[in-house]
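# Fold and contact review
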Amino acid sequence: MTSQTSKPLTDPAPDLVPVTLLTGFLGSGKTTVLNNLVRQPELADALVIINEFGEMALDHMLVAHSTENLVMEMSNGCVCCSIRHDLVKTLRDITWRYSRNGERWFKRILIETTGLADPAPIIHTLMTHPRIAPQYRLDGIVATVDMGTVMDTLDHHQEAIKQVAMADALLLTKSDLVAEERRGPLLHRLDAINPAAPRWEVRDGEIAAHQVLGLGLFDATGKTPDVARWLNEASYAVQSTHAHAHEHEHEHGQHHDENRHDDHIRAFCFTIEQPIAEDSLTNWLELLADFSGSNILRVKGIFNIEGTARPVVVHGVQHVFHPPVTLPAWPSEDQRSRVVFITRDVSRELKDFIERANHVLATGALS
């Protein structure tokens, strides 16, 4: 991961424009949802960025167009994602393009991606681009899921699995077309890929705006960050137990359901009871930067640093870490350090690395 560990811990900037990323596979109903959302008062002053392959025209007064993201493989084997210049230019220029008397008059942004899009490049841009990061912050990733076709889609398209795994909320579309006996296996599979994201059933694109806004750690109102919702580590603990049981069956040759789908997504959380040294956090970030690649989809953590009463939060997406941010205060009495990993295709090498990284974080020892 690319990290900025040499910089001091920073406080969140409340005036950054929140950005909601609306993703989902082809035909899952993104544009129908978007058309419903922008008619609601909460999004009357939102600016919408859609790609030129939009499924239908959008009836909204503030619309910008851009093309999709580009994925590049670096020489070290890491899959590094970058944004095409035109999307960066769109994000950079909309402040003055949609201004009145020199003042920006949109308060948030929604970006609708194409159905085959990897959400990571846009997140990377929001986190690290020198002209973008000082203006915007990620408010959340929302993924639409076509319940009628999701099993086949997940079986054949890794992009769809990644969209579901990285989402902060899932919108289940066309669920009225699914027979009751099929719902259980569908929901169980989504649980296995992303146990923490709230799920909302959507008919005809109807979803209340408040259910898809404010999914990030911070908001413009300055209220206390909802760390418990953001981490939701209890959900990952349950999924990790199920995954371990499944691996145990394979190792010991026990019977298992041959029709079971394994999407190779594993999510887990670990905790550290005692405060950690700031150098340990720095070493941990640097260790991740040296090793981590596309198989660590997201990392979320809150840390109790020695010598300070304020917690530090870290958010990483694949090989990119946002600079650590200091919260105003602990949001609850639980002041343990907690870190959540969402991973894909976890090999023994990756497991060993994560265990080593956790040891570094807990003890500060690099060996």
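In this text, all values refer to a predicted model and were calculated from it rather than measured experimentally.

The rules behind each value
Residues numbered from 1 in each chain as written. Predicted model: local features only at pLDDT ≥ 70, side-chain atom pairs only at ≥ 80, totals over all residues. Heavy atoms only, no water. Helix = DSSP H or I, 4+ residues; strand = E, 2+ residues; numbered from the N terminus. Contact = heavy atoms within 4.5 Å. Areas by Shrake-Rupley, 256 points an atom, 1.4 Å probe, with all protein chains shown as cover. 1 Å grid on protein atoms, 1.4 Å probe; cavity = no way out; pocket = protein on both sides within 12 Å on 5 of 7 lines; lining within 4 Å. Points joined across faces, edges and corners; volume = space filled by probe spheres on them. Nonpolar A, V, L, I, M, F, W, Y, C, P; charged D, E, K, R; others polar. Core = buried A, V, L, I, M, F, W, Y, C linked by side-chain atoms within 4.5 Å. Buried < 20%, exposed > 50% of the residue type's maximum accessible area, 1.4 Å probe, protein only. Phe/Tyr/Trp six-rings, centres within 6.5 Å; stacked < 30°, edge-to-face > 60°. Pairing = 2+ DSSP bridges. Polar contact = N/O pair within 3.5 Å; in protein donor to acceptor, adjacent residues only side chain to side chain.

## With respect to the overall build of the protein chain
- Summing up its helical and strand segments, the protein chain has 10 helices and 17 strands in all.
- Of all intrachain contacts in the protein chain linking residues separated by at least 6 positions in sequence, the fraction that spans at least 24 positions is 75%.
- Carbon and sulfur atoms provide 51% of the accessible area of the protein chain, an area that totals close to 16900 Å².

## A look at empty space enclosed by the protein
- Applying the stated criterion across every chain yields a total of three cavities of 30 Å³ or more.
- What the largest cavity holds in volume is close to 100 Å³.
- Forming the walls of the largest cavity are 14 residues, and the residues nearest its centre are Phe25, Thr144, Val145, Asp146 and Thr153.
- Only β9 (136-146), α4 (150-156) and α5 (158-166) provide two or more residues apiece to the lining of the largest cavity.
- Its residues assigned to classes, the lining of the largest cavity shows seven nonpolar, six polar and one charged.

## Looking at the nonpolar core
- Formed by 57 residues in total, the largest nonpolar core has its most connected members in Ile49, Ile94, Ile109, Ile111, Tyr136 and Leu170.
- In contact with isoleucine 111, not counting residues within four places along its chain, are Val19, Thr20, Leu21, Leu22, Ile49, Leu91 and Ile122.
- Counting residues in each nonpolar core, the second largest holds 22 residues, with Ile305, Val312, Val339 and Phe341 among its members.

## Considering unusual backbone geometry
- Phi at lysine 174 takes a positive value of approximately 60°, unusual for a residue other than glycine.
- Inspection of the secondary structure puts lysine 174 in the loop between β10 (169-173) and α6 (180-193).
- The class for lysine 174 is partly exposed, based on a relative accessible area of 32%.
- If you check the backbone angles, aspartate 204 has positive phi at about 55° while not being a glycine.
- Relative to the elements of secondary structure, aspartate 204 occurs in the loop between β11 (199-202) and α7 (227-231).

## Let's talk about the packing of aromatic side chains
- By the definition in use, this model includes four aromatic pairs.
- Ring centres of tryptophan 284 and phenylalanine 341 lie 6.4 Å apart, and the angle between their planes is 75°; on these two criteria the pair is classed as edge-to-face. Placement of tryptophan 284 in helix α9 (residues 278-291) and of phenylalanine 341 in strand β17 (residues 337-344) is noted, with a sequence separation of 57 residues between them. Each member of the pair, tryptophan 284 together with phenylalanine 341, is buried.
- Ring pairing ties together the aromatic residues Phe270, Trp284, Phe303, Phe321 and Phe341, which thus form one cluster.

## A short note on α5
- Most of α5 sits out of view: seven of its nine residues are buried.
- Of all the residues in α5, the buried ones are Ala160, Ile161, Lys162, Gln163, Val164, Ala165 and Met166.

## A few points about the pairing of β10
- With five of five residues buried, β10 lies mostly within the body of the structure.
- Burial of the side chains of β10 extends over both faces: Ala169, Leu171 and Thr173 are buried on one face and Leu170 and Leu172 on the other.
- Two elements, β9 and β10, share five bridges in a ladder whose sense is parallel. Residue pairing in the sheet places valine 142 in a bridge with alanine 169 of β10.

## Describing helix α3 (residues 120-128)
- With eight of nine residues buried, α3 is to be regarded as a mostly interior element.
- Of the residues making up α3, those classed as buried are Ala120, Pro121, Ile122, Ile123, His124, Thr125, Leu126 and Met127.

## Details of the environment of glutamate 201
- As for its position among the elements, glutamate 201 is in strand β11.
- Not counting the four nearest positions on each side in its chain, glutamate 201 is found in contact with Leu172, Ser175 and Arg183.
- Of the polar contacts made by the side chain of glutamate 201, one reaches the side chain of serine 175; its length is 3.0 Å.

## Observations regarding the side chain of aspartate 168
- One can find aspartate 168 in the loop between α5 and β10.
- A polar contact is formed between the side chain of aspartate 168 and the side chain of arginine 298, at a distance of 3.1 Å.
- One polar contact links aspartate 168 to lysine 300, side chain to side chain, over a distance of 3.4 Å.
- Once you skip the residues sitting within four places of it in the chain, aspartate 168 turns out to touch Gly140, Ile141, Ala197, Pro198, Leu215, Arg298 and Lys300.

## A look at the side chain of aspartate 146
- Among the secondary structure elements, aspartate 146 is positioned in strand β9.
- In terms of polar contacts, aspartate 146 uses its side chain to reach the backbone amide nitrogen of glycine 148, at 2.9 Å.
- Each residue touching aspartate 146, except ones within four places of it in the same chain, is listed here: Gly27, Ser28, Thr173 and Lys174.

## Brief notes about the pairing of strand β1 (residues 17-24)
- By the criterion of burial, β1 is predominantly enclosed, with eight of the eight residues buried.
- Judged by which residues are buried, β1 turns out to be covered on both faces: Val17, Val19, Leu21 and Thr23 on one side and Pro18, Thr20, Leu22 and Gly24 on the other are all buried.
- Judged from the four bridges that link them, β1 and strand β8 (residues 108-112) form a sheet pairing that is parallel. The partner of valine 19 across the bridge, within β8, is isoleucine 109.

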